[in-house]
Amino acid sequence: MPPAFAPLGSRVRCAVQDGPQRVRTNGDSERPNVARLFDYYLGGAHNFAVDRVLAEESIRKFPVAEIARTIRSFSRRVVRLCVEEYGIRQFLDLGSGIPTAGNVHEVAQSLDPSCNVVYVDNDPVTVAHARTMLRDNLNAAIVQSDIGDVGAVLRHPETRRLIDFTMPTAVLMVGVLPFVTDEPAGVVARYRAALTEGSVLALTHLTKDVEPELVGELVGLADAMGTEVVPRSKQDVEEFVCGLKLLEPGLVLAAHWRADGELPGTSAAADASTYGAVGMV
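This is a predicted model, so every value here is computed, not measured. (Residues numbered from 1 in each chain as written. Predicted model: local features only at pLDDT ≥ 70, side-chain atom pairs only at ≥ 80, totals over all residues. Heavy atoms only, no water.)

Side note on the overall build of the protein chain
Right, so step 1: The number of helices and strands found in the protein chain is 11 helices and 10 strands.
Right, so step 2: The burial tally for the protein chain puts 57% of its 281 residues in the buried class. (Helix = DSSP H or I, 4+ residues; strand = E, 2+ residues; numbered from the N terminus. Buried < 20%, exposed > 50% of the residue type's maximum accessible area, 1.4 Å probe, protein only.)

Structure, rendered in structure tokens:
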């Protein structure tokens, strides 16, 4: 997803704040941060005035908040399905950003407090923020790593503490694959290889297939912020899920994947910008 609404942290380094406690990384709070923009789009409180100004400007130009809500809704549905229907109690959320409103651990642990969640993000601002938010939750943690370094993610002490890969696990790649410009199919395959039978892999992906003009504008916005984003076709995304047992309705627009009677999005164009699929290993 373009950085105006992606759940992936930006590379801007600045101070972040969570409630009364201050968490500092290098730099200052004078520049917007992508993860905090996403937080704002979802109605979270972990953002600064500078983030809100840019967020409102982008909302006036593009349906970015609607796209953020579409992929967050998809993620919630997947997590509920994993816990309620497949008995999965371990989640690895790749490119998570700040675990803001409707996050994975909130949904999973509301259904079963024993669920373990590991978030992964490469941005120190996001990681510092998330660690503060998760400091009292022994069943959730965040790992600072590039998701393309699969070995580093899987071997990280927090991952090893919370996830037993001999047991069914859900790997979530929601909103992050457009940022993987080098052999994304190989990255997906390496995570799949770590999973045991009964595990789930869920992903979304930005596409120009239906709304090329809108998505092209969003890619341009991302480029202006110094981030490369690669939309991909349905055929491209099919390669990522090849070999998985796709759950019905298969690879479709994420807004339509088991919508469960949820109200349709306020922007048909936003709903048509992202594919979603869930497969079992």
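Quick word on the pairing of strand β6 (residues 170–173)
Right, so step 1: The alternating pattern of β6 places Ala170 and Leu172 on one face and Val171 and Met173 on the opposite face, and all of these are buried.
Right, so step 2: For the crossover from β6 across helix α8 (residues 184–193) to strand β7 (residues 200–206), the handedness is right-handed. (Right-handed = clockwise from strand over helix to strand, strands pointing away.)

Overview of the environment of phenylalanine 179
Right, so step 1: In this structure, phenylalanine 179 sits in the loop between β6 and α8.
Right, so step 2: Judged by its relative accessible area of 18%, phenylalanine 179 is buried.
Right, so step 3: In sequence terms phenylalanine 179 and valine 230 are 51 residues apart; their C-alpha atoms lie 6.5 Å from each other.

Topic: the pattern of salt bridges
Where charged atoms from two side chains of opposite charge come close, those side chains can pair.
Right, so step 1: A full pass over the atoms with the stated rule returns 3 salt bridges.
Right, so step 2: For lysine 61, the salt bridge identified is with glutamate 57, shortest N-O distance 3.4 Å. With lysine 61 and glutamate 57 both in helix α2 (residues 49–61), this residue pair falls 4 residues apart, about one helical turn.
Right, so step 3: Given a relative accessible area of 55%, lysine 61 falls into the exposed group. (Salt bridge = Lys/Arg side-chain N within 4 Å of Asp/Glu carboxyl O.)

Re the pairing of strand β4 (residues 116–121)
Right, so step 1: In terms of burial, β4 is largely enclosed, as 6 of its 6 residues are buried.
Right, so step 2: Residues Asn116, Val118 and Val120 of β4 are buried on one face, and the alternating residues Val117, Tyr119 and Asp121, pointing to the opposite face, are buried as well.
Right, so step 3: For the handedness criterion, the β-α-β arrangement of strand β3 (residues 90–94), helix α4 (residues 104–111) and β4 is classed as right-handed.
Right, so step 4: With 5 bridges connecting them, β4 and strand β5 (residues 140–144) associate as parallel partners. (Pairing = 2+ DSSP bridges.)

A few points about the packing of aromatic side chains
Right, so step 1: If you walk through the whole model with that rule in mind, you get 1 aromatic pair.
Right, so step 2: Where phenylalanine 74 meets tryptophan 257, the ring centres are 5.6 Å apart and the plane angle is 70 degrees; that geometry is what we call edge-to-face. On the criterion of sequence distance, the pair formed by phenylalanine 74 in helix α3 (residues 64–86) and tryptophan 257 in the loop between β9 (252–253) and α11 (268–271) is long-range, its members being 183 residues apart. Both residues of the pair, phenylalanine 74 and tryptophan 257, belong to the buried class. (Phe/Tyr/Trp six-rings, centres within 6.5 Å; stacked < 30°, edge-to-face > 60°.)

Comments concerning the state of the cysteines
Right, so step 1: The full count for this structure, using the stated rule, is 0 disulfides.
Right, so step 2: Cysteine cysteine 82 remains unbridged, with the sulfur of cysteine 115 as its closest cysteine sulfur at 9.6 Å.
Right, so step 3: Since its relative accessible area comes to 0%, cysteine 82 is described here as buried. (Disulfide = S-S within 2.5 Å.)

Some points on the confidence of the model for the protein chain
Right, so step 1: Overall, the predicted model of the protein chain reaches an average pLDDT of 85, with 87% of residues at or above 70.
Right, so step 2: Between residues 1–28, whose pLDDT stays under 50, and residues either more than four places distant or in other chains, the model counts 115 contacts. (pLDDT = per-residue confidence, 0-100. Contact = heavy atoms within 4.5 Å.)

Some thoughts on α8
An α-helical turn contains 3.6 residues, so any two residues separated by three or four positions project in the same direction.
Right, so step 1: Taken residue by residue, α8 has Pro184, Val187, Val188 and Tyr191 as its buried positions. In a view along the axis of α8, the buried residues occupy a sector of 95 degrees, so they form one face of it.
Right, so step 2: Those residues of α8 hidden inside the fold are in contact with β3, α6 (150–155), β6, β7 and α10 (234–241). (Arc of directions from axis to C-beta.)

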